[in-house]
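Given next are the chains, with one letter for each unit.
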Number of protein chains: 2
Amino acid sequence: MSAIKIIKGGVTAAKSFRAAAVFAGIKPGNKNRKDMALVTSDLPSVAAGVFTTNRVKAAPVRVSISHLRAPRTDAVLLNSGNANACTGPHGIVAAKTLAGAAAKALRCALRRVLVCSTGRIGIPLPVDKMTDAIPGLVAGLSADGGNAAARAIMTSDTFPKEFAVEARGEGGVFRVGGMAKGAGMINPDMATMLCVVTTDASLTKKSLQNALHSVTERTFNRITVDGDMSTNDTVLLLSNGAAGGPIIKPGSPDYTLFVEALHEVCLKLAHMIVTDGEGVSKFVTVQVRGASGMRSARRVAEAVANSTLVKCSWAGNDPNWGRILDAAGYCGVPIREELVDIYYDGVAAVRGGMAAPTPKERLIKAVSGKKFTVTIDLHQGDASHTVYTTDLTEKYVQLNLGE
Amino acid sequence: MSAIKIIKGGVTAAKSFRAAAVFAGIKPGNKNRKDMALVTSDLPSVAAGVFTTNRVKAAPVRVSISHLRAPRTDAVLLNSGNANACTGPHGIVAAKTLAGAAAKALRCALRRVLVCSTGRIGIPLPVDKMTDAIPGLVAGLSADGGNAAARAIMTSDTFPKEFAVEARGEGGVFRVGGMAKGAGMINPDMATMLCVVTTDASLTKKSLQNALHSVTERTFNRITVDGDMSTNDTVLLLSNGAAGGPIIKPGSPDYTLFVEALHEVCLKLAHMIVTDGEGVSKFVTVQVRGASGMRSARRVAEAVANSTLVKCSWAGNDPNWGRILDAAGYCGVPIREELVDIYYDGVAAVRGGMAAPTPKERLIKAVSGKKFTVTIDLHQGDASHTVYTTDLTEKYVQLNLGE
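How each quantity is defined
Residues numbered from 1 in each chain as written. Chains lettered and ligands numbered in written order. Predicted model: local features only at pLDDT ≥ 70, side-chain atom pairs only at ≥ 80, totals over all residues. Domains from an automatic or database assignment. Nonpolar A, V, L, I, M, F, W, Y, C, P; charged D, E, K, R; others polar. Helix = DSSP H or I, 4+ residues; strand = E, 2+ residues; numbered from the N terminus. Expected span 1.5 Å × (residues − 1). Buried ≥ 20, exposed ≤ 12 C-beta atoms within 10 Å, placed from the backbone. Contact = placed C-beta atoms within 7 Å. Axes fitted to C-alpha atoms, helices over the stretch in contact; angles between N-to-C directions. Parallel < 35°, antiparallel > 145°, perpendicular 65-115°, else oblique. Left-handed = near helix turned anticlockwise from the far one by under 90°. Least-squares fit on C-alpha atoms with pLDDT ≥ 70 in both. pLDDT = per-residue confidence, 0-100. Pairing = 2+ DSSP bridges.

**Topic: the domain arrangement of chain A**
Residue and element names in this part refer to chain A.
Alright, step 1. Here chain A is partitioned into domain 1 (4-275) and domain 2 (283-399).
Alright, step 2. Relative to domain 2, the C-alpha centre of domain 1 lies at a distance of 33 Å.
Alright, step 3. Among the residues forming the side of domain 1 that touches domain 2, the class breakdown is four nonpolar, five polar and one charged.

**A look at helix 3 (residues 127-139) of chain A**
Residues and elements named next belong to chain A.
Alright, step 1. The end-to-end C-alpha distance of helix 3, which contains 13 residues, comes to 19 Å, matching closely the 18 Å that a straight helix rising 1.5 Å per residue would cover.
Alright, step 2. Those residues of helix 3 lying buried are M130, A133, I134, L137 and V138.
Alright, step 3. Next to the buried residues of helix 3 lie strand 2 (17-22), strand 3 (36-51), strand 4 (73-79) and helix 2 (88-106).

**With respect to the packing of helix 2 (residues 88-106) of chain B against helix 3 (residues 127-139) of chain B**
Residue and element names in this part refer to chain B.
Alright, step 1. Look at helix 2 against helix 3: their axes get within 9 Å of each other, and the N-to-C directions meet at 25°. Compared by their axis directions, helix 2 and helix 3 come out roughly parallel. Crossing angle aside, the handedness with which helix 2 passes helix 3 is right-handed. Counted together, A94, T97, L98, A101, A102, A105 and L106 of helix 2 and V127, M130, T131, I134, P135 and V138 of helix 3 form the full contact between these two elements.
Alright, step 2. Considering only residue class, the contact of helix 2 with helix 3 consists of eleven nonpolar, two polar and no charged.

**Topic: the interface of chain A and chain B**
Alright, step 1. Facing 50 residues of chain A, the contacting portion of chain B comprises 52 residues.
Alright, step 2. Split by residue class, the side of chain A that touches chain B holds 20 nonpolar, 21 polar and nine charged.

**Looking at the packing of helix 1 (residues 59-67) of chain A against helix 2 of chain A**
All names here are of chain A.
Alright, step 1. Across the interface, helix 1 lies against helix 2 with an axial gap of 8 Å and an inter-helix angle of 55°. On the basis of their axis angle, the class for helix 1 and helix 2 is oblique. Along this stretch, helix 1 crosses helix 2, giving a crossing that reads as right-handed. For the pair helix 1 and helix 2, the contacting residues are A59, P60, R62, V63 and H67 in the first and G91, I92, A94, A95, K96 and A99 in the second.

**Some points on unusual backbone geometry**
Alright, step 1. Of note, the phi angle at S16(A) is positive, near 65°, even though the residue is not glycine.
Alright, step 2. One can find S16(A) in the loop between strand 1 (4-7) and strand 2.
Alright, step 3. If you check the backbone angles, N317(B) has positive phi at about 55° while not being a glycine.
Alright, step 4. Take N317(B): there are 20 C-beta atoms within 10 Å of it, and that puts it in the buried class.

**Topic: the relation of the copies chain A and chain B**
Alright, step 1. With an RMSD of 0.0 Å, the fit of chain A onto chain B corresponds to turning through 180° and sliding 0.0 Å along the axis. Such a combination of rotation and displacement between the chain copies is what one expects of a two-fold axis. Ranked by how close their C-alpha atoms come to the rotation axis, the residues of chain A are headed by E394(A), at 2.3 Å.
Alright, step 2. Of all interface residues in chain A, 100% are interface residues in chain B too; the two copies therefore contact each other through one and the same surface.

**Details of the confidence of the model for chain A**
All names here are of chain A.
Alright, step 1. Looking at chain A, pLDDT values average 92 and 95% of them are 70 or higher.
Alright, step 2. When pLDDT is averaged over each element of chain A, strand 2 comes out on top at 98 and helix 11 (residues 394-399) at the bottom at 77.
Alright, step 3. Ignoring residues within four places in sequence, the model shows residues 185-190, a span with pLDDT below 50, making 26 contacts including any to other chains.

**A few points about the pairing of strand 3 (residues 36-51) of chain B**
For a regular strand, side-chain orientation follows a simple rule: the groups alternate between the two sheet faces.
All names here are of chain B.
Alright, step 1. The sheet contact formed by strand 2 (residues 17-22) and strand 3 spans six bridges and is antiparallel. Directly across from R18, in strand 3, lies its bridge partner T40.
Alright, step 2. Of the strand pairs in this sheet, strand 3 and strand 4 (residues 73-79) are connected by six bridges, and their pairing is antiparallel. Considered in strand 4, the bridge of T40 is made with A75.
Alright, step 3. Taken together, the six bridges between strand 3 and strand 9 (residues 234-239) define a ladder with antiparallel strand orientation.

Shown next, in the form of structure tokens:
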């Protein structure tokens with residue numbers, strides 16, 4: 001029996017976290033959908049964050065990075081409809097004003113509030129409307145508010161993304177749960193992945209940051225739909241210790257368990273994001289093995305996963321291994337063509353750089369599935385890397401033509 | 001008055017070059033279109049070549065690189081319908097067999113024949129059919145054969161690509177002319193750019209190679225449609241000295257003139273390739289300036305030109321500068337958001353990293369054209385780079401779904 005079990009709920013599944021959502025009318029014309037969310041902890045909590053590495057960083061990203069330097073974090077304020085990106089110094093002021101309004105309503109210090117925005121780039125936030133909505137948000141906070149919050153941060157997402165687990169460790173039971181919204185590919189105007197995870201396990205800020213960093217590396221940093229990286233991407237993790245167990249120390253069995261639980265939540269949310277990409281018809285796992293090093297493995301996997309031609313062939317149920325080999329060849333890794341094997345769901349398409357003697361029907365069958373794995377064995381070493389991606393459909397292009 | 005004028009013709013525009021095309025039936029079902037071409041020089045000629053940097057190189061690329069080590073080159077044998085790529089040792093034997101058959105018919109040494117193939121990857125060449133067709137090819141060679149050859153190397157190209165110029169230098173008049181076929185994006189199964197340029201100017205093999213290298217860098221290496229790079233990409237340049245002038249020496253005014261003429265031919269052919277990309281509706285010039293170095297300028301230009309989201313917005317006539325700034329931000333160049341200006345056809349969309357006060361209609365008008373220029377000024381230095389690219393349309397995806 002596994003020590004980790006899936007439970008209902010999301011960002012408020014862990015004890016003493018509450019959430020709420022309200023309609024502020026951020027995006028003109030978006031009349032009925034709630035567009036602001038707040039997540040808070042009843043107990044003092046510590047937080048960790050991983051942010052976009054894009055040089056162009058949205059104002060809320062800059063403000064949250066700065067606020068995360070504070071030892072404690074009490075809340076995360078989120079909005080959809082406007083990314084508050086490429087808005088200059090005014091954008092920073094707007095993000096701080098909102099954090100300040102939330103801090104005032106929650107009676108905590110400004111730096112204890114983190115902010116996340118997603119939506120159109122380059123348009124000033126309607127700050128007044130948003131500050132006006134904050135008292136209502138605070139009044140609505142509830143332990144059942146996780147789902148409403150997950151819905152309020154949706155942009156073109158077709159379903160709210162929530163997941164939670166409960167783990168039984170040596171120091172007792174703790175929970176990890178989170179919510180997310182989809183990434184760049186989903187819609188050009190709302191090009192952001194946001195994720196907030198909470199836990200009632202007790203960890204130091206430093207351990208929390210290390211755990212989040214390593215898990216993000218293996219989950220959210222391994223999904224790619226179109227290779228574009230947003231200015232707003234943010235993953236936050238809050239720990240309030242409400243489960244009552246002792247502090248989980250790095251290196252302990254409970255730390256391993258915690259990282260495992262966090263990994264399960266983040267991986268599930270990452271997969272949901274990929275699956276919900278607009279116009280996406282397939283979920284493809286690209287697995288590179290036999291690489292001479294980690295970097296090479298990653299580079300090949302990403303080149304294949306981001307190749308427009310490879311992705312189009314998947315949409316067309318075409319087991320076109322030539323395009324896969326081509327992408328592996330141009331990504332700058334010194335692969336040796338004559339050593340490369342390629343498989344679709346374990347069925348050999350290429351052996352030693354040439355067509356394998358597999359009946360084409362079997363390959364077509366594999367690539368026709370809604371979910372399949374492409375394995376590329378470079379036979380040059382022991383390193384491997386996996387990325388999760390999608391096909392590229394006409395619908396994707398149609399959805400991304402613009403306004 | 002410029003010393004260079006455009007003339008009719010293509011690969012046989014220069015004196016003493018001949019070409020021919022025949023139907024060999026390389027691709028099953030392709031019943032009527034000529035699929036093999038031959039270009040020869042009546043006088044001994046020297047040749048230069050630039051090839052794909054993909055680690056996966058097609059057999060004809062490997063054989064041509066080897067044959068180019070010979071001091072003289074008499075002919076180039078080309079085919080469409082089959083790329084002879086990922087075909088292992090048999091592919092090399094096939095390419096050499098074909099070069100040998102052409103050498104025999106032309107009564108020259110094997111190494112004086114270069115080979116180019118384009119078409120489906122991973123399928124053995126029908127060598128017998130092709131060798132049978134070679135005597136007919138040789139018999140058909142003519143100074144008027146350039147257009148037939150340009151047509152025979154077409155795959156999904158919608159028009160033959162030919163261009164030629166005549167230059168009047170100090171050492172007399174010389175001509176440069178060439179033919180090309182489209183690049184990777186055009187059709188997944190025929191993912192190759194091929195180009196053969198001839199000149200009756202007289203140059204040493206070494207000067208020829210230097211000239212071709214520098215010109216390719218500024219022309220064919222600056223076009224991108226989908227970021228995919230083929231296993232077969234080849235640009236060849238043959239010089240036979242038939243114009244009668246003295247050897248053109250590097251550093252001389254005539255060398256500068258020759259490079260200019262070669263540049264004009266290659267740039268025109270490169271633009272034709274971009275314009276003829278299947279599903280392409282726009283020709284976009286992406287110009288980066290104010291970069292801190294050449295590499296940075298190139299990186300930003302290529303990231304913008306290859307961004308799926310940016311390309312989709314162009315297809316949709318959406319002046320979405322946020323996606324451009326986003327792509328510039330994630331490509332690894334330390335740009336400073338607050339310094340960046342972006343223009344569509346000279347109309348400011350972004351000033352200092354924020355929306356410029358330009359009426360949106362003016363931006364929409366610019367991006368709605370069939371041809372426009374996006375200029376990104378990083379204001380960090382003096383380096384610049386230009387790439388030529390296209391939009392990304394639903395039709396592109398539809399054409400690339402597979403067989």
